[in-house]
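Each chain is listed here by its residues.
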Amino acid sequence: MNQMDQTKFCCSVCLDLLKDPVTIPCGHSYCMNCIKSFWDGEEEKKIYSCPQCRQTFTARPVLVKNTMLADLVEELKKTGLQAAPADHCYAGPEDVACDVCTGRKMKAFKSCLFCLASYCEKHLQTHFISSAFETHKLVEPSKKLQENICSRHDEVMKMFCRTDQQSICYLCSVDEHKGHNTVSAAAERTERQRELEVSRQNIQQRIQDREKDVKLLQQEVEAINQSADQTVEHSEKIFTELIHLIQKRSSDVKQQIRSQQETEVSRVKELEEKLEQEITELKRKDAELKQLSHTEDHIQFLHNYPSLSALSESTDSSSINIRPLSYFEDVTAAVSEVRDKLQDILREEWTNISLTVTEVDVLLSDPPEPKTRAGFLKYSCEITLDPNTANKQLLLSEGNRKVTLMNQQQSYSDHPDRFTVRYQVLSRESLTGRCYWEVEWRGRGVYVAVTYKSISRKGGGNECAFGLNDKSWSLDCDNNSYTFWYDNIQTPVSGPRSSRVGVYLDHRAGILSFYSVSETMTLLHRVQTTFTQPLYAGLWLHYNYGDTAELIKVK
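Quick notes on the rules
- Residues numbered from 1 in each chain as written.
- Predicted model: local features only at pLDDT ≥ 70, side-chain atom pairs only at ≥ 80, totals over all residues.
- Heavy atoms only, no water.
- Helix = DSSP H or I, 4+ residues; strand = E, 2+ residues; numbered from the N terminus.
- Contact = heavy atoms within 4.5 Å.
- Lys, Arg positive; Asp, Glu negative; His and termini not counted.
- Charge placed at Lys NZ, Arg CZ, Asp CG, Glu CD.
- Pairing = 2+ DSSP bridges.
- Axes fitted to C-alpha atoms, helices over the stretch in contact; angles between N-to-C directions.
- Salt bridge = Lys/Arg side-chain N within 4 Å of Asp/Glu carboxyl O.
- Buried < 20%, exposed > 50% of the residue type's maximum accessible area, 1.4 Å probe, protein only.
- UniProt positions renumbered as here; feature names shortened; annotations may be inferred.
- Parallel < 35°, antiparallel > 145°, perpendicular 65-115°, else oblique.
- Left-handed = near helix turned anticlockwise from the far one by under 90°.
- Nonpolar A, V, L, I, M, F, W, Y, C, P; charged D, E, K, R; others polar.
- Core = buried A, V, L, I, M, F, W, Y, C linked by side-chain atoms within 4.5 Å.
- Expected span 1.5 Å × (residues − 1).
- Arc of directions from axis to C-beta.
- Polar contact = N/O pair within 3.5 Å; in protein donor to acceptor, adjacent residues only side chain to side chain.

Asker: Is there a simple way to think about the overall build of the protein chain in this case?
Answerer: From N to C terminus, the protein chain includes nine helices and 23 strands. Overall, the protein chain is about 175 × 75 × 50 Å in size when its C-alpha atoms are taken along their principal axes. Contacts in the protein chain between residues at least 24 apart in sequence constitute 55% of all its contacts with a sequence separation of at least 6. If the 68 positive side-chain charges of the protein chain are averaged to one point and the 79 negative ones to another, these points end up 7 Å apart.

Written out as structure tokens, the structure is:
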């Protein structure tokens, strides 16, 4: 039985050899389950059709197994023949079907751009046999052949209008496209093909460039990870050494205190024993003298008195100087001083360490400065004021976020970081990376500033004042105007009056921006420079008692 005979025993639904074959009234045969499933899908319409010839039945036909057909299929199976793979023969829903085949259509092998038709391998033979088809253009099977037909003239579009950038037929070129720059579709294709090749070359070059960039970034990631891992390991080792050193010093101090404690207690005990011996001796001497005082015999009294009246040398107790609870307190104070110095050193050096970490720079560019307040708030940072820097006329409150100028001095202890003349105060936190904060002020005015920690503190000269030296940048805000100050040079600033000022800092990019904050944000002044040290936020109140400025907790 040949291949064509075999296909007659295939189900046109599952495209496999018939299983439990049934024949419906129109004469076509199917697998029982296949036709049942097909008709189940038509149940709502109450009209049942044949998948091949499309004949309809108003009543659903009763299915009965075709025993003769079933026997033939079984014979086919015994001979080892199987149905030809559907994708090699018949056109499925996603395939291009042959336009010549009748009944069950075969898959198209080629499409002809001249005939605007698709052909299976069998029906395509005429294109190879007849010389009349030599000029026809065969392409891979396509369902879009009708797109090549001009909808206006029903002609094949073989030309291209460069004026209107569209495909046209010959009649279009002498009609509505008359006088336009028209060429053959082949000529336009050749031109576009050249452009396509150039585009491909550009794309391939960009792919190569991007692949190099990706490789470079992968190497950068590996280098960053390796460097970070090594630095973490070394840092942990160094901090462990510091911890061991502090523990060693703690042990040394403890041992020294205990040793001194033992020495001093021993000295006191020794003196105590001597005094107790002297007391015992004096009590014995007192008893003898008491007994002598009761002697009635005058001669006997005078005879014994010289030997009894003589007293032994008294123990020297002039060195006893009682200092209740104050023996080792100076040691505690000395250790506390070491702790405070270490904290200051660690805080200062931590700023340098943090700045060094944030200065690690990869090949990537920084994101641009935000445009909205919501964008700025992503970089908001909690800042508090450092009491050790506050001028003694300044009162800190609200968790050291608010400063008020008072007419009497506050009870601050002396500190080398304190501003002695200028009514200024610095933040406790150093500022690196990208930061944003807002200052709310009341009264005559305030200078909102950033400064290096190395700014001078003593005296009233320019070297101490925010904005009057090269170590600080300051925006002077009052009820009438804004003025920006740097290195004692003032720059008038225009902008809407507001009691709230926003400050944006991008330390690495060297950007410092001041904004007037109300319902909207308005840029007042931007600085582009290079910051060489960590910065600290600063506030300088005008000379008006009761004026306030507060670092706002923004959300």
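Let us keep going from here.
Asker: Would you mind going over the sheet that holds strand β11 (residues 394-397) with me for this structure?
Answerer: Sheets are built from strands that pair by backbone hydrogen bonding, the pairs being arranged parallel or antiparallel. With antiparallel pairing, the seven strands of this open sheet are ordered in space as β11-β12-β23-β14-β19-β20-β21. Looking along the sheet, the strands with just one partner apiece sit at the ends: β11 and β21 (521-528). Averaged over all pairs of adjacent strands, the angle between strand axes in this sheet comes to 20°, irrespective of strand direction. Relative to β21, strand β20 (residues 511-517) runs antiparallel, the two being bridged by seven bridges. Considered in β21, the bridge of Phe-514 is made with His-525.

Asker: It is not clear to me how the pattern of salt bridges should be interpreted in this structure. Could you clarify?
Answerer: A side chain with one charge may pair with a side chain of the opposite charge, provided their charged atoms come close. This structure, assessed with the given rule, holds 27 salt bridges. When the shortest N-O distance is used, the salt bridge between Arg-339 and Asp-340 registers 3.3 Å. For Arg-339, a relative accessible area of 45% corresponds to the partly exposed category. Take Asp-340: its relative accessible area is 35%, and that puts it in the partly exposed class. In the salt-bridge network here, residues are joined through shared partners; they are Arg-373, Glu-438, Glu-440, Arg-442 and Arg-500.

Asker: Honestly, the UniProt feature "coiled-coil region" (unreviewed entry) in the protein chain in this entry has me stumped. Any pointers?
Answerer: Following the UniProt record, the feature "coiled-coil region" (unreviewed entry) maps to residues 200-227 and 254-295 here. The annotated region residues 200-227 carries 100% helix and 0% strand content, and the separation between its end C-alpha atoms amounts to 40 Å. Segment residues 254-295 splits into 95% helix and 0% strand. End C-alpha atoms: 61 Å apart.

Asker: So what exactly am I meant to see when it comes to the packing of helix α6 (residues 185-293) against helix α7 (residues 298-309) here?
Answerer: The relative placement of two packed helices comes down to the angle between their axes together with the axis-to-axis distance. Interaxial distance between α6 and α7 falls to 10 Å at its minimum, and their mutual angle equals 165°. As the angle between them shows, α6 and α7 are arranged roughly antiparallel. In terms of crossing hand, the pair formed by α6 and α7 is left-handed. Judged by residue contacts, Lys-285, Glu-288, Leu-289, Leu-292 and Ser-293 of α6 engage Phe-301, Asn-304, Tyr-305, Ser-307, Leu-308 and Ser-309 from α7. Looking at the contact of α6 with α7 residue by residue, the classes come out as five nonpolar, four polar and two charged.

Asker: In this structure, what is going on with the nonpolar core? I would like to understand it.
Answerer: The nonpolar side chains of soluble globular proteins are, as a tendency, buried together. Among the nonpolar cores identified, the biggest contains 49 residues, and Val-403, Trp-437, Trp-473, Leu-475 and Leu-512 are the most heavily contacted of them. Sorting elements by how many residues they give to this core places strand β15 (residues 445-452) first, with six residues. Here Leu-475 is in contact with Val-446, Tyr-447, Val-448, Tyr-482, Thr-483, Phe-484, Val-493, Val-501, Phe-514 and Leu-524, once residues within four sequence places are set aside. Counting residues in each nonpolar core, the second largest holds 20 residues, with Leu-17, Cys-31, Met-32 and Leu-69 among its members.

Asker: When you look at helix α3 (residues 67-78) in this model, what are you seeing that I'm missing?
Answerer: For an α-helix, 3.6 residues make a turn, and residues three or four places apart therefore share a direction. An ideal rise of 1.5 Å per residue puts 16 Å on twelve residues; α3 measures up with 16 Å between its terminal C-alpha atoms. All of the buried residues in α3 are Leu-69, Ala-70, Val-73 and Leu-76. Take α3 and look down its axis: the buried residues cluster within an arc of 115°, on one side only. Of the residues in α3, the exposed ones pointing more than 90 degrees away from the buried face are Thr-67, Met-68, Asp-71 and Lys-78. Next to the buried residues of α3 lie β1 (21-23) and β2 (29-31).

Asker: How should I be thinking about α7 in this particular structure?
Answerer: Compared with an ideal rise of 1.5 Å per residue, which puts twelve residues at 16 Å, α7 spans 16 Å between its outermost C-alpha atoms and is within 8% of the ideal. Counting buried positions along α7 gives one out of twelve residues, so the element sits mostly on the surface. Structurally, the start of α7 carries an N-cap: the backbone nitrogen of Ile-299 is 3.0 Å from a side-chain oxygen of Asp-297.

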